[in-house]
2 protein chains.
Amino acid sequence: MTTKLRIVPLGGLGEIGKNMTVFEYGGDLLIIDAGIMFPENDMLGIDTIIPDYEYVKSRKDRILAVLITHGHEDHVGALPHLMRDIDAPIYATRLTVGLIEGKLRQAKLLHEVELKTFEAGDVLHFGPFMVEPFHVAHSIPDCVGFGITTPVGLVVHTGDYKFDHTPADDWPPDFAKLAEFSGRGVLALLADSTNADKPGWTPSETVVAAGFDEVFRKAQGRIIVATFASLISRIQQVADTAVRYGRKLAITGRSMRENTKIARDLGYLNIPNDLLIDVSDTVKMPPSKVAIMATGAQGEPSAVLGRLAHGRHQHLSIQAGDTVIFSAHAIPGNEEMVHRTINRLFQRGANVLYDTIAKVHVSGHASQEEMKLLINLIQPKFLVPVHGELRHLAQHAKIGRELGIPAPNIAVVENGTPLEFTADSLEILPRLPGGYVFVDGASVGDIGWPVVRDRDKLAQSGFFFAVINTSDSGQMAGKPEFITRGFVDSKGAGELFAGAEETIARVLNSSKEQRGNGLEKRIEGALSRYLYDETRRRPIVHAVLRQV
Amino acid sequence: MTTKLRIVPLGGLGEIGKNMTVFEYGGDLLIIDAGIMFPENDMLGIDTIIPDYEYVKSRKDRILAVLITHGHEDHVGALPHLMRDIDAPIYATRLTVGLIEGKLRQAKLLHEVELKTFEAGDVLHFGPFMVEPFHVAHSIPDCVGFGITTPVGLVVHTGDYKFDHTPADDWPPDFAKLAEFSGRGVLALLADSTNADKPGWTPSETVVAAGFDEVFRKAQGRIIVATFASLISRIQQVADTAVRYGRKLAITGRSMRENTKIARDLGYLNIPNDLLIDVSDTVKMPPSKVAIMATGAQGEPSAVLGRLAHGRHQHLSIQAGDTVIFSAHAIPGNEEMVHRTINRLFQRGANVLYDTIAKVHVSGHASQEEMKLLINLIQPKFLVPVHGELRHLAQHAKIGRELGIPAPNIAVVENGTPLEFTADSLEILPRLPGGYVFVDGASVGDIGWPVVRDRDKLAQSGFFFAVINTSDSGQMAGKPEFITRGFVDSKGAGELFAGAEETIARVLNSSKEQRGNGLEKRIEGALSRYLYDETRRRPIVHAVLRQV
């Protein structure tokens, strides 16, 4: 058993130390966050991705707690999976607990799991660890980072943060606590790198309030604001602006309605009852009296905005004079869908505002100058950039070096790489096997890259299936049956099929002596070559031989 | 036959009036550009997209000429298709002709097509049209727009442009010509809208020269610069910087080598012979003496940079100390692949520079202030924003209104929408059917959305194929054969297959009376339901019944 502090970020190639991080000392474990990733465009058919947490499963008897920084999907979305496999209490702030309850209820795990609430400023003790959650500003309320005092020193983990002096909930980050940590001496800082390639300071949330105000002041028709369902402070800002300009507010989209209900019940959203109306009532009202909050800011076709863009919403249809606000930034990989949705809304006559042309969104993450402030406040001995792709971590490390942290004291590592600390040393261990797990329908981890690669082949050129009857003598009996999807338009494929039949006959004629599985393989080979020559495409080809 | 001037932008939902535009008067046609689009992420398996040019095919006897603005793929890439279907001369500047020759040679069309060279400043006459090409600055040399004098007035078509006073080839745009057009009175302006949501001015190409200089001055190891194969001015800048810092230059990637050869032969690239070395020679040289130009700045896995990122290049492998420059901006839809390539290069030890963190790329398109300058220079009666998605056109139109062009004189339309002009009127006609054509392997237009939708289904969940033998009595004879790809990992699927067999047996038992095609459909339905219940996935299911 080691007496070093071990920190292991878990997950895949994407963002590092984002979805799950393990703190381990003397065999005891704390888990920070349990989130999901979204599949990239070439991870075909995959619903979500969760970290491969074999490391914690194999140490499940020694897990002291799961600590959650905030209620976003990339920090809590994997809890329904994780809590089936381990037995430990979850600790989070009040709003975050509310959001997690909804998740666990849906997964029928609510009564199996111990859910504990803490407040920023509390001091929690778990075996060798003392944990001090501290308030940070981000794009969801009740968000914390953790100061974790271990036998080898104090480690500060920021979670997602920005230094917003005027956040939407009037609760700025706890600078005093950070200064206090600094005074005690900080061994290591694990800090959010998301915007490490953005110079300057991230604008305050109040910039968005001003942006909304301008839009509401000018717009004559309906105003539809789309954002993330979890961006609760943005919902507050829209509600405030709607009150100011005498508009009623309808909240649409299942997830946004649920989050709004939880946040209102817990007092994190201050929306008067008489402000809210049902979306079906908006159609009877003068357009200038209507504001609507909607999901779909990432261009998801089945969310409210996607349905509006395609003219498929149950109650609403876009009309000339509508103003649509995208109050979100496209997540990498979603740009195309977002742009297409914007174009379709323009096509239907809406005026569409988005972050490059109007001040309707700001990031929830610190930019370079905030990162510098944090490092200078905390004065850590070691810096571990986390929360970002490798390229962001590299920029964050550069900032750290510029501020005087020696290069060997900065660890830019990939997920799965254990870091071992003593009071004055940092060692980077070899990366563990594993990484991430695909969730696809009911399958968690059964589907890997081989299946996804087959899907890619099918996505490129479809399949071509031949069912062939042969006689005793090995000749073709009757016509072969061809079944093909995603390969050719079968209307014009008569000639292609005739050639495929000839190809099969040729193989059968030249192979009278040889039977068995090898013959099917030879037919498949000949068909593949024939089909490629004719079409320059490579479908997945299967041949089934039946002697009749 | 109309005596109005008709202008029709052709193409799909993407950029408008980018790939092909038709000018028509009294039945005579001019075609401007013939380019390709790249498929979006959900156009599975499609290689490229070309405009549906049925409109010009059905008028092929009256096509006077095909005029090309510049040599980029989105303006010339469809020529090998178009020139198979029509018979008209192509007119372009000298470098553009050189690039087109390569294309036509590859398509075995070089000797079928009349290719004519003009220079900026020439005056060309085609039936009722007088065409005056004028020089513009963009990211490829020898780039023009057209002033087209028609019986109803003068129309100015910018092509792709920016107002760069200090371009890499020292040939700034022809402001005097634009002023002269203005003096004559301009009926309509068709202008590039690509960056209509970017405030300010697009920086000059010299900014990139300074950016390169800084990187070359500091770098100790090899420098690898990736950009578009057609970005010839960027190649010139890298060559100049390499000379200045005593590095040899290797040019890698087939398309970049070809374009470099054409541009050097025609005098558009000034690279001394002794600067160039073969990439295989770079491995023997001190890293500080080596610069390499490479393809793959869009993250394409099979281009040079993609192969380097994956450790699969024949001659080169990334080593610590290498500096890799992405001298390009990710085309929407490519961001994920670009970021992944950057991350992998960091993983292999390279220092990677890209446009958000270093001045290594500028856009080739005008920003808002340039658009304003153009409109104020030209003073057109009518404004037709082109070259951009609908959202860009909408911003460009807003700029036009702000500069005093009356809203009814601005036409924001989609591709396929004919505009009819008289000397003092503009009418927008109903949109024509058609739009774009998928090119997939040898197929041009045979594959449409139904096939792509099948590919999408296969990409989501693969296929499940059951070949079932039945006896005379309608019972299953032997075990059914299951063939599946992209659906489950077949290793762990034994139980699933057993259940599928039971499902089939149940249908056969309950259907003894009914035979024929309906029975296969019932089996497919039962299998689909069974597989969905078990896996929450929906593969394409086929059943083939054989009586043995």
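Our structure is the block above this text.
Draft legend 1. Structural view of empty space enclosed by the protein. All names here are of chain A. Per the counting criterion, the structure on display carries five cavities of 30 Å³ or more. Approximately 80 Å³ is the volume found for the largest cavity. A class-by-class count of the residues in the lining of the largest cavity yields eight nonpolar, three polar and three charged. By volume, the second largest cavity amounts to about 70 Å³. Along the walls of the second largest cavity sit 14 residues, with H138, I140, P141, P167 and D169 positioned nearest its centre. Class assignment of the residues belonging to the lining of the second largest cavity gives a composition of eight nonpolar, three polar and three charged.

Draft legend 2. Region of the structure containing the packing of aromatic side chains. All names here are of chain A. Throughout the structure, instances matching the rule amount to 28 aromatic pairs over all chains. When the centroid spacing of 4.9 Å and the interplanar angle of 35° are considered together, the rings of F163 and F175 count as tilted. Of this pair, F163 sits in the loop between β11 (153–157) and α5 (175–184) while F175 sits in helix α5, placing them twelve residues apart in sequence. Taken together, the ring pairs in this structure connect F464, F482, F487 and F497 into an aromatic cluster.

Draft legend 3. Representation of helix α13 (residues 390–402) of chain B. Residue and element names in this part refer to chain B. Its 13 residues give α13 an end-to-end C-alpha distance of 18 Å, which sits within 8% of 18 Å, the value for a rise of 1.5 Å per residue. Across the 13 residues that make up α13, a large majority, ten, are buried. If you check which residues of α13 are buried, you get L390, R391, H392, L393, A394, Q395, H396, A397, I399 and G400. At the C-terminal side of α13, G404 shows a positive phi close to 100°.

Draft legend 4. The arrangement of the interface of chain A and chain B in detail. Residue-level contacts link 62 residues of chain A with 62 residues of chain B. Together chain A and chain B conceal approximately 5800 Å² of surface at their shared face, both sides included; 53% is due to carbon and sulfur atoms. Counting every contact that joins chain A to chain B gives ten salt bridges. Between B:R546 and A:E481 there is a salt bridge whose closest N-O contact spans 2.9 Å. The interface formed by chain A and chain B contains 32 residue pairs in polar contact (both at pLDDT 80 or more). Elements represented by at least two residues in the side of chain A that touches chain B include exactly α11 (335–347), α13 (390–402), α14 (449–461), β24 (463–470), β25 (481–485), α16 (517–535) and β26 (540–547) of chain A. The dominant element in the side of chain A that touches chain B, judged by the number of residues it contributes, is α11(A), at nine residues. For the side of chain A that touches chain B, the class distribution of residues is 22 nonpolar, 17 polar and 23 charged.

Draft legend 5. Structural detail: α11(A). All names here are of chain A. For α11, built from 13 residues, the straight-helix expectation of 18 Å at 1.5 Å per residue is met to within 8% by its first-to-last C-alpha distance of 18 Å. In terms of burial, α11 is largely enclosed, as ten of its 13 residues are buried. Within the sequence span of α11, burial applies to E335, E336, V338, H339, R340, T341, I342, N343, L345 and F346. In the stretch just after α11, G349 is the one whose phi turns positive, near 105°.

Draft legend 6. Structural detail: the relation of the copies chain A and chain B. Least-squares fitting of chain A to chain B yields an RMSD of 0.1 Å, with the transformation described by 0.0 Å of translation along the axis and a rotation of 180°. Here the two chains are linked by the operation of a two-fold rotation axis. Among all residues of chain A, the minimum C-alpha distance to the rotation axis is found for A:A459, at 2.6 Å. Both copies share a contact surface, since 100% of the interface residues of chain A are interface residues in chain B too.

Conventions we followed
- Residues numbered from 1 in each chain as written.
- Chains lettered and ligands numbered in written order.
- Predicted model: local features only at pLDDT ≥ 70, side-chain atom pairs only at ≥ 80, totals over all residues.
- Heavy atoms only, no water.
- 1 Å grid on protein atoms, 1.4 Å probe; cavity = no way out; pocket = protein on both sides within 12 Å on 5 of 7 lines; lining within 4 Å.
- Points joined across faces, edges and corners; volume = space filled by probe spheres on them.
- Nonpolar A, V, L, I, M, F, W, Y, C, P; charged D, E, K, R; others polar.
- Phe/Tyr/Trp six-rings, centres within 6.5 Å; stacked < 30°, edge-to-face > 60°.
- Helix = DSSP H or I, 4+ residues; strand = E, 2+ residues; numbered from the N terminus.
- Expected span 1.5 Å × (residues − 1).
- Buried < 20%, exposed > 50% of the residue type's maximum accessible area, 1.4 Å probe, protein only.
- Contact = heavy atoms within 4.5 Å.
- Buried area = accessible area lost by both parts, 1.4 Å probe.
- Salt bridge = Lys/Arg side-chain N within 4 Å of Asp/Glu carboxyl O.
- Polar contact = N/O pair within 3.5 Å; in protein donor to acceptor, adjacent residues only side chain to side chain.
- Least-squares fit on C-alpha atoms with pLDDT ≥ 70 in both.

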